[in-house]
Structure formats: structure tokens, C-alpha cells
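# Chain and residue survey
Residues per chain, in single letters:
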Amino acid sequence: MDKVFHQPLGGNEMPRFGGIATMMRLPHIQSPEEKRQLDAAFVGVPLDIGTSLRSGTRFGPREIRAQSVMIRPYNMATGAAPFDSLNVADIGDVAINTFNLLDAVRIIEEAYDEIVEYGIKPLTLGGDHTITLPILRALHKKYGKIGLVHVDAHADVNDHMFGEKIAHGTTFRRAQEEGLLDSQRVVQIGLRAQGYTAEDFNWSRKQGFRVVQAEECWHQSLAPLMAEVREKVGGGPVYLSFDIDGIDPAWAPGTGTPEIGGLTTIQAMEIIRGCQGLDLIGGDLVEVSPPYDTTGNTSLLGANLLYEMLCVLPGVQRR
């Protein structure tokens, strides 16, 4: 059977303000038979019960999809034509338990077990950063220890939050403790603001993570940094986890825990484009909280960064 290459619905086929909201107006695929034919898929995880300040990321996947309508298939800057070489679709949202965080984590892991079994590389629309832990658990079952490029204002390596071991600020400590990460192939970019002790960032360094604080990124292109990152995390499977609060709130105010002094949108694209050539097995864009940005610009940025992730997956052709 000939391989299918789904294409985003064009602006001359249906007005961009019309039609059903899927990521980039791609087909909404649900049947197991069609999922088995996919190379990559956009997945929503509308979770916000792991947040510690402002809720609202449960609305992130829906608004990211709504803001994705202007994204066209061909990347003019990089030449990437992902829809010419990969079969991509939107497979909808994970039906989380919105009243029980631990049960939601279980549901997410089981959903991604199925996604991985289908051979799909997931690109996830979050949702708060708690969701990355069950995703990594599912991916680890197939790939073993995983390298990580983590963009964030926060290290998310708290031991607990209000005594709870699972929340959006504990994700990468749990992942490291559970043996999901290849600690010598982990980079955290954009960390900043204040902490309670130096351990807030130093715990990561003690694990072997490369910590790139935001101040190292100010007033410069991140292309040289990404050459270092590729050297650090290459040589095995890599996951890309991008918290929108890694971007300065001047550009991305719609998030739950904003911190000043962050990355620019241009640096965000440099980071993702700098992952080209890595063995990316998936990625996520988390912590978009639409109620705090009535312009929709945070979700617009999130949608475009997810598209950029798609463009650097292995197997994408360039024209």
C-alpha cells in the first residue's frame, strides 16, 4: 500500500476561521489502523492540576490548535517540508482525570504506551509540565535512557511540592531518580529568577546536566550554544521539552509561572532548529495558559514552536 502523507488544510480550501480545530488543520485520526500508518502525531494533554500558581493550562491544547491555522506546510527559513516525507495527523486529546493528579499521570502513561506501540513520534500540546514525566516513562520502555533538551525558566527538580512527589515542579527530579534520563546527555536552557537555595539549580549540575542560565543567553544568538548542545546530547535518543515560560513574559505572558529576563522568540526558534540532526523521539510544548493572554500570542508562539519541532524530526526532507 502506498504511504499516505496528510497535508494541512489550505486557506483556499476552507477559510482559516472555519472548519474543525485540529493542529494545523490536519486530519483528526482515531482508528488504530490509521494510527499505525503515522510517523508523528500531535497530541493534546489538557492538564493543569499539577500547577503551583496560576491554573489554566487545561485550555492550552485547544487554543494552540486554534492559533495554528496560519501555519503553512513549508518552512521557508530551513527548507523543511515535513508533510512531504512524514505521515502526520492530530490524534486528539488524552482523557485525563481532572480530579486526581496521580490517576491522570497513570492515564497519560498508558495513552503514550499505545502511541509508542504504534511507532508514532509524539509532539504534545500541554498542559502543565507534570505531563512530561509519564511521557518519558512510556518512551523509556522502548528507547531506554533518554537524552533531554529542556527549555524552561525553572529546573523542575524540586523533591516535593507541599509534600507531593508528583507536580509540575518535580518532573525532572523524578525522571532522573527513576532512571529515565541519560544524565550525561541532559541540557537545561533558560533557567533564571530566584530560588530558595543554590541547590535549586546545583542539584541538576550534580547529576551531570548542563545548566544554561538565562543570563548566558542574553544579547546573543544561541546558534553557538546549540552546537555545544548537539555534542552533549547526541549519540542516542533525545526528547525536547519546551516550557513556554522559558520565553520572557513580554513575548509569552499566557503562562502560570512567568519570570522576567527570559529568552526571545528568535532564540526559541534557534534552540529548536539547533536540534536538527539529533535522534529526536518526541517533544512537548507545555504551560500555555490562555486565560492570561487575551491576544492569543502565547498560544500562537506555542503552535509555531511545535511546528518547528516537527521540522527537525528525523526523516524530514528539505527542499
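Calculation criteria
Residues numbered from 1 in each chain as written. Predicted model: local features only at pLDDT ≥ 70, side-chain atom pairs only at ≥ 80, totals over all residues. Heavy atoms only, no water. Helix = DSSP H or I, 4+ residues; strand = E, 2+ residues; numbered from the N terminus. Rg over C-alpha atoms; globule rule 2.2 N^0.38 Å. Buried < 20%, exposed > 50% of the residue type's maximum accessible area, 1.4 Å probe, protein only. Contact = heavy atoms within 4.5 Å. Lys, Arg positive; Asp, Glu negative; His and termini not counted. Charge placed at Lys NZ, Arg CZ, Asp CG, Glu CD. Salt bridge = Lys/Arg side-chain N within 4 Å of Asp/Glu carboxyl O. Pairing = 2+ DSSP bridges. Right-handed = clockwise from strand over helix to strand, strands pointing away. Phe/Tyr/Trp six-rings, centres within 6.5 Å; stacked < 30°, edge-to-face > 60°. Lys NZ or Arg CZ within 6 Å of the ring centre and 35° of its normal. 1 Å grid on protein atoms, 1.4 Å probe; cavity = no way out; pocket = protein on both sides within 12 Å on 5 of 7 lines; lining within 4 Å. Points joined across faces, edges and corners; volume = space filled by probe spheres on them. Nonpolar A, V, L, I, M, F, W, Y, C, P; charged D, E, K, R; others polar.

In the annotation of an unreviewed UniProt entry, the protein chain is listed under the name Putative agmatinase and assigned to Ectopseudomonas mendocina.

Within the protein chain, the regular secondary structure consists of 10 helices and eight strands. Relative to the 2.2 N^0.38 estimate, which gives 20 Å for 319 residues, the radius of gyration of the protein chain is 18 Å and therefore close to what a compact globule would have. Dimensions of the protein chain along its principal axes, counting C-alpha atoms only, are 55 × 45 × 40 Å. Here the protein chain holds 319 residues, and the buried ones make up 57% of them. The contacts in the protein chain between residues at least 6 apart in sequence include a share of 77% that link residues at least 24 apart. Charge separation in the protein chain, taken as the distance between the mean sites of 29 positive and 40 negative side-chain charges, equals 3 Å.

Enumeration according to the criterion identifies 20 salt bridges in this entry. Among the salt bridges present, the one from Arg65 reaches Asp93, with a minimum N-O distance of 2.8 Å. Taken as a pair, Arg65 in helix α2 (residues 60-67) and Asp93 in strand β2 (residues 88-93) lie far apart in primary sequence, 28 residues in all. Notably, a salt bridge pairs Arg106 with Asp103, separated by 2.8 Å at the nearest N-O pair. On the criterion of helical spacing, the pair formed by Arg106 and Asp103 is a turn pair, its members being three residues apart in helix α4 (residues 101-117). In this structure Arg106 comes out as partly exposed when scored by relative accessible area, which is 39%. Overlapping salt bridges bring together Glu109, Asp113, Arg137, Lys141 and Glu178 as one network.

Put simply, side chains in a regular strand alternate between the two faces of the sheet. Taking burial as the measure, the seven residues of strand β7 (residues 237-243) include seven buried ones, the bulk of the element. Neither face of β7 is open: one carries Pro237, Tyr239, Ser241 and Asp243, the other Val238, Leu240 and Phe242, and all of them are buried. In the sheet, strand β4 (residues 146-151) pairs with β7 via five bridges, with the strands oriented parallel. Paired with Val151 across the bridge in β7 is Phe242. In this structure, β7 lies alongside strand β8 (residues 279-286), joined through seven bridges in parallel fashion. Bridged to Phe242 within β8 is Leu285. Each parallel crossover has a hand, and for β7 linked through helix α9 (residues 265-273) to β8 it is right-handed.

Take the packing of aromatic side chains next. Taken as a whole, this structure holds one aromatic pair when the rule is applied. Sitting above the plane of the Tyr292 ring, Arg54 keeps its charged end 3.9 Å from the centroid.

Bringing the layout of surface pockets into the picture now. Where empty space is left in the structure can be found by rolling a water-sized probe over the atoms. For the largest pocket, the calculated volume is near 860 Å³. Around the largest pocket, the lining comprises 37 residues; the ones closest to its centre are Ser52, Asn158, Met161, Gly169 and Tyr196. For the lining of the largest pocket, the leading source of residues is helix α7 (residues 199-207), giving four residues. Partitioned by chemical class, the residues of the lining of the largest pocket number 13 nonpolar, 13 polar and 11 charged.

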